[in-house]
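# Observations on chain architecture
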Amino acid sequence: MITMARSLCPGAWLRKPYYLQARFSYVRMKYLFFSWLAVFVGSWIIYVQYSTYTELCRGKDCKKIICDKYKTGVIDGPACNSLCVTESLYFGKCLSTKPNNQAKLGDQGNLSELVNLILTVADGDKDGQVSLGEAKSAWALLQLNEFLLMVILQDKEHTPKLMGFCGDLYVMESVEYTSLYGISLPWVIELFIPSGFRRSMDQLFTPSWPRKAKIAIGLLEFVEDVFHGPYGNFLMCDTSAKNLGYNDKYDLKMVDMRKIVPETNLKELIKDRHCESDLDCVYGTDCRTSCDQSTMKCTSEVIQPNLAKACQLLKDYLLLGAPSEIREELEKQLYSCIALKVTANQMEMEHSLILNNLKTLLWKKISYTNDS
């Protein structure tokens with residue numbers, strides 16, 4: 001009976017396997033197509049990123065250009081011999097692929113003192129005279145905002161020391177940890193990690209809380225250094241974790257100061273810029289002014305002071321793992337700090353009060369700990 005039943009409907013035994021085989025073939029083709037598409041798109045992104053990276057991080061080409069100018073006497077500086085003759089100075093990791101990171105000197109307070117300071121630095125061999133090569137090198141370097149700020153703040157603890165220069169290349173002291181927190185990953189992997197997950201992951205790779213507090217105090221002190229100093233006020237226009245680092249003693253060091261600009265320069269840069277909304281009135285990532293709707297032009301006054309931006313960066317950094325006995329007060333002070341506005345009445349008094357209160361709160365908690 002079983003044999004007869006099978007022979008009566010032979011198609012019944014074939015129809016289902018053919019259907020399943022066709023379905024499996026379709027699913028397989030679909031899977032292969034999307035896999036191929038993902039590989040193609042991923043490869044293209046990596047190629048574009050790599051091309052950009054290698055185009056803008058041409059260490060060997062930069063060295064050749066600089067050394068050719070040095071050997072012909074066009075430029076000079078204390079780092080030239082190490083770079084071009086003994087070759088004890090070499091290019092390592094490329095820290096930026098952003099071109100055109102320069103700004104002008106602008107109008108500074110105590111301009112004559114600033115000029116004397118620059119001439120002292122320009123005299124690389126310390127013979128009391130600035131040669132033509134040294135002068136050309138110094139002029140090229142003055143187009144880089146970070147170099148100017150490094151010269152001005154050389155006696156400050158949180159500015160990396162200037163070790164030398166050659167043409168428009170300058171050398172500063174090494175900083176052991178080149179980000180406020182997080183783990184360094186190859187740029188290829190970075191492309192495929194969602195930003196939200198990356199931030200959560202970064203918070204896991206931080207020093208102990210007392211050490212974080214010491215680093216945070218360093219940032220608050222640096223904010224003081226650039227706030228209405230003897231050479232004018234400087235604005236921090238990119239207060240991201242990647243621009244801050246620290247040494248093996250957990251003293252904060254500024255890794256990248258290219259987006260710290262003189263206030264006078266920023267006002268000239270942004271005023272009268274055409275705008276539709278406040279979103280059009282931004283320099284860097286953090287220096288924002290407002291859009292005057294009556295003229296459709298950006299105003300020149302920055303809305304948020306440096307301290308408020310620093311506190312915004314430090315909020316999650318300090319609150320994660322904060323001791324329970326100070327957490328509530330710390331959170332309260334951080335939010336008061338974030339709420340600071342440049343246009344507020346008595347802003348400078350509030351600025352000083354909030355900054356000192358935060359430093360005092362943190363120092364009191366870590367003064368007697370081994371980790372600090």
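Remember, it's a predicted structure, so these values are computed and weren't measured experimentally.

## Description of the overall build of the protein chain
The secondary structure content of the protein chain amounts to 14 helices and ten strands. Within the protein chain, the fraction of its 372 residues that count as buried is 37%. Here the protein chain displays about 22,100 Å² of accessible surface, and carbon together with sulfur accounts for 58% of that area.

## Let's talk about the pattern of salt bridges
Following the criterion strictly, the structure yields eleven salt bridges and no others. Note that Lys63 and Glu87 form a salt bridge whose closest N and O atoms lie 3.7 Å from each other. Pair noted here: Lys63 is in helix H3 (residues 59–71) and Glu87 is in the loop between helix H4 (80–84) and helix H5 (111–122), with a separation of 24 residues, a long-range link. Here Lys63 falls in the partly exposed class, since its relative accessible area comes to 23%.

## Here we look at the pairing of strand S1 (residues 162–166)
For a regular strand, the rule is simple: side chains alternate between the two faces of the sheet. Judged by how many residues are buried, S1 sits mostly within the fold: four of five residues are covered. Between S1 and strand S2 (residues 169–172), which pair antiparallel one after the other, the connecting turn spans two residues, and Gly167 there sits at a positive phi close to 65°.

## A few points about the confidence of the model for the protein chain
Summing up the model confidence of the protein chain, the mean pLDDT is 79 and the portion of residues at 70 or higher is 74%. The least confident element of the protein chain, judged by mean pLDDT, is helix H1 (residues 2–8) at 41; the most confident is helix H13 (residues 324–338) at 95. The model gives residues 47–56 a pLDDT under 50, and that stretch makes seven contacts with residues more than four places away or in other chains.

## Things to note about the nonpolar core
Grouped together as the largest cluster of nonpolar side chains are 58 residues, with contacts concentrated most on Trp209, Phe222, Leu307, Leu330 and Leu362. Here this core takes ten residues from helix H10 (residues 209–226), the largest share from any one element. Non-local contacts of Leu362, meaning those with residues more than four positions away in its chain, are made with Trp209, Ala213, Ala216, Ile217, Leu220, Leu318 and Leu330. Grouped together as the second largest cluster of nonpolar side chains are twelve residues, Leu266, Cys281, Cys287 and Cys291 included.

## Description of the state of the cysteines
Scanning all chains against the criterion turns up six disulfides. Here Cys67 is linked by a disulfide to Cys84, with a sulfur-sulfur distance of 2.1 Å. In this structure the cystine formed by Cys67 and Cys84 twists about its S-S bond by roughly -85°; its chirality is therefore left-handed. Here Cys67 is found in helix H3, whereas its partner Cys84 is found in helix H4, with 17 residues between them in sequence.

Definitions and limits used
- Residues numbered from 1 in each chain as written.
- Predicted model: local features only at pLDDT ≥ 70, side-chain atom pairs only at ≥ 80, totals over all residues.
- Heavy atoms only, no water.
- Helix = DSSP H or I, 4+ residues; strand = E, 2+ residues; numbered from the N terminus.
- Buried < 20%, exposed > 50% of the residue type's maximum accessible area, 1.4 Å probe, protein only.
- Areas by Shrake-Rupley, 256 points an atom, 1.4 Å probe, with all protein chains shown as cover.
- Salt bridge = Lys/Arg side-chain N within 4 Å of Asp/Glu carboxyl O.
- Pairing = 2+ DSSP bridges.
- pLDDT = per-residue confidence, 0-100.
- Contact = heavy atoms within 4.5 Å.
- Core = buried A, V, L, I, M, F, W, Y, C linked by side-chain atoms within 4.5 Å.
- Disulfide = S-S within 2.5 Å.

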